[in-house]
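Architecture at a glance
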Amino acid sequence: GDSVTQMEGPVTLSEEACLTINCTYTATGYPSLFWYVQYPGEGLQLLLKATKADDKGSNKGFEATYRKETTSFHLEKGSVQVSDSAVYFCALTSNQAGTALIFGKGTTLSVSS
Amino acid sequence: GAVVSQHPSRVICKSGTSVKIECRSLDFQATTMFWYRQFPKQSLMLMATSNEGSKATYEQGVEKDKFLINHASLTLSTLTVTSAHPEDSSFYICSARPLSGGLYNEQFFGPGTRLTVL
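Along each chain, residue indices are assigned from 1 in the same order as the chain's sequence is written. Chains and ligands are labelled sequentially in the order written, the chains with letters from A and the ligands with numbers from 1. It should be noted that, the model being predicted, local features are given only for residues of pLDDT at least 70 and side-chain atom pairs only at 80 or more, the latter also being counted only at that level, while totals for whole chains, interfaces and linings use all residues. Side-chain measures were taken over the full set of non-hydrogen atoms in the model, leaving aside hydrogen atoms and water.

1. Considerations on the interface of chain B and chain A
Facing the 20 residues of chain B at the interface are 22 residues of chain A. Once two parts are brought into contact, the accessible area they lose, counted with a 1.4 Å probe and summed over both, makes up the buried area. Between chain B and chain A the total buried area reaches about 1,500 Å² when both faces are included, carbon and sulfur atoms providing 52% of it. Salt bridge, as used here: a side-chain nitrogen of Lys or Arg that lies within 4 Å of a carboxyl oxygen of Asp or Glu. On inspection of chain B and its partner chain A, the count reaches zero salt bridges. Residues adjacent in sequence count toward polar contacts only when both atoms are side-chain atoms; beyond that, a polar contact is any pair of N or O atoms within 3.5 Å, and within protein one must be able to donate a hydrogen and the other to accept it. At the boundary of chain B with chain A, the tally comes to six residue pairs in polar contact (both at pLDDT 80 or more). Secondary structure elements follow DSSP: runs of H or I of four or more residues count as helices, runs of E of two or more count as strands, with numbering from the N terminus. Elements supplying a minimum of two residues to the side of chain B that touches chain A: β4 (32-38), β5 (44-51) and β9 (90-97) of chain B. A class-by-class count of the residues in the side of chain B that touches chain A yields ten nonpolar, eight polar and two charged. Contacts between residues were defined by any pair of non-hydrogen atoms, one from each residue, lying within 4.5 Å. Residue polarity follows a fixed list, in which Ala, Val, Leu, Ile, Met, Phe, Trp, Tyr, Cys and Pro are nonpolar, Asp, Glu, Lys and Arg are charged, and the others, Gly among them, are polar.

Right, here's the structure in full:
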């Protein structure tokens with residue numbers, strides 16, 4: 001079945017460092033890909049998404065490109081801030097109505113000043 | 001737009017009691033809603049898929065009689081944890097997928113409900 005694999009954390013960075021969180025997927029067909037973020041004590045928020053190959057999702061300085069050839073959707077940010085500290089989840093869903101998101105295990109990011 | 005609410009946000013109950021959690025899509029219709037469970041520092045585990053007007057589809061290992069799901073309308077789904085025990089303590093999150101439109105392949109998440117069973 002479909003699955004998502006993302007790098008295990010925790011990831012600890014200093015402010016203004018570069019961030020990459022790797023995510024690869026296995027899916028039949030052409031899924032949509034997402035990154036969600038969960039701040040401490042809160043629910044999930046959609047960070048960015050891409051619905052087809054070569055699409056680039058971006059938001060709040062974060063970017064991820066849908067790479068069909070490598071089945072990847074790595075999350076990147078050029079300069080992290082303390083406020084970026086959170087858990088990041090890579091996820092996919094098929095484009096069929098009624099199908100759930102499949103999540104990776106999540107990567108905890110801690111940014112220190 | 002595309003807001004999902006959950007109520008309550010936090011509940012503490014005694015062992016053996018039942019707890020109902022509501023999930024509402026506030027500004028869109030959702031034929032399908034999903035219920036997830038999240039353990040501390042872990043990913044979301046899909047519990048069941050809830051379809052309006054029909055029985056929910058439960059994931060393997062999830063007890064149907066323990067976690068009762070009702071999807072009464074296109075904007076409301078409820079999860080009832082029956083005869084709750086301490087091991088049911090967790091963070092329960094619902095999500096809804098729009099019926100149609102440009103956002104149909106997205107899911108919108110509620111803020112979650114923290115259940116603590118004493």
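2. Comments concerning the sheet that holds strand β7 (residues 56-59) of chain A
All names here are of chain A. Across the sheet, which stays open at both edges, the four strands sit in the order β3-β9-β8-β7 with antiparallel pairing between neighbours. At either margin of the open sheet sits one strand with a lone partner, and together these are β3 (19-21) and β7. When strand polarity is set aside, the average angle formed by the axes of neighbouring strands in this sheet is 15 degrees. Sheet topology places β3 next to strand β9 (residues 75-77); three bridges connect them, and they run antiparallel. Note that in β9 the partner of L19 across the bridge is K77. Criterion used throughout: strands pair if DSSP finds at least two bridges between them. To define axes, lines are fitted to C-alpha atoms, for helices over the stretch in contact only, and angles between the resulting N-to-C directions are given on a 0 to 180 degree scale.

3. Some words on the packing of aromatic side chains
All names here are of chain A. Pairing of aromatic rings covers Phe, Tyr and Trp, the last counted by its six-membered ring, and requires centre-to-centre distances within 6.5 Å; plane angles under 30 degrees mean stacked, over 60 mean edge-to-face, and any other angle means tilted. Inspection of the entire model under this criterion finds eleven aromatic pairs over all chains. Ring plane angle 55 degrees and centroid distance 5.9 Å describe the contact between Y36 and F103, whose orientation is recorded as tilted. Taken as a pair, Y36 in strand β5 (residues 32-38) and F103 in strand β11 (residues 102-103) lie far apart in primary sequence, 67 residues in all. Like Y36, the residue F103 is buried in the burial classification. Between F62 and Y88 the ring centres are 5.6 Å apart and the planes differ by 40 degrees, which places this aromatic pair in the tilted class. Of this pair, F62 sits in strand β8 (residues 62-65) while Y88 sits in strand β10 (residues 86-93), and the two are 26 residues apart along the sequence. For the pair shown, F62 and Y88 are each scored as buried. Partly exposed residues are those whose accessible area sits between 20% and 50% of the maximum for their type, while under 20% is buried and over 50% is exposed, using a 1.4 Å probe and protein chains only.

4. As for the side chain of D88 of chain B
Residues and elements named next belong to chain B. By the element assignment, D88 lies in the loop between β8 (76-81) and β9. A residue is classified by how much of its surface remains accessible, and D88, at 5% relative accessible area, is buried. Beyond its immediate chain neighbours, meaning those up to four positions away, D88 contacts R37, K66, F67, V81, S83 and L115.

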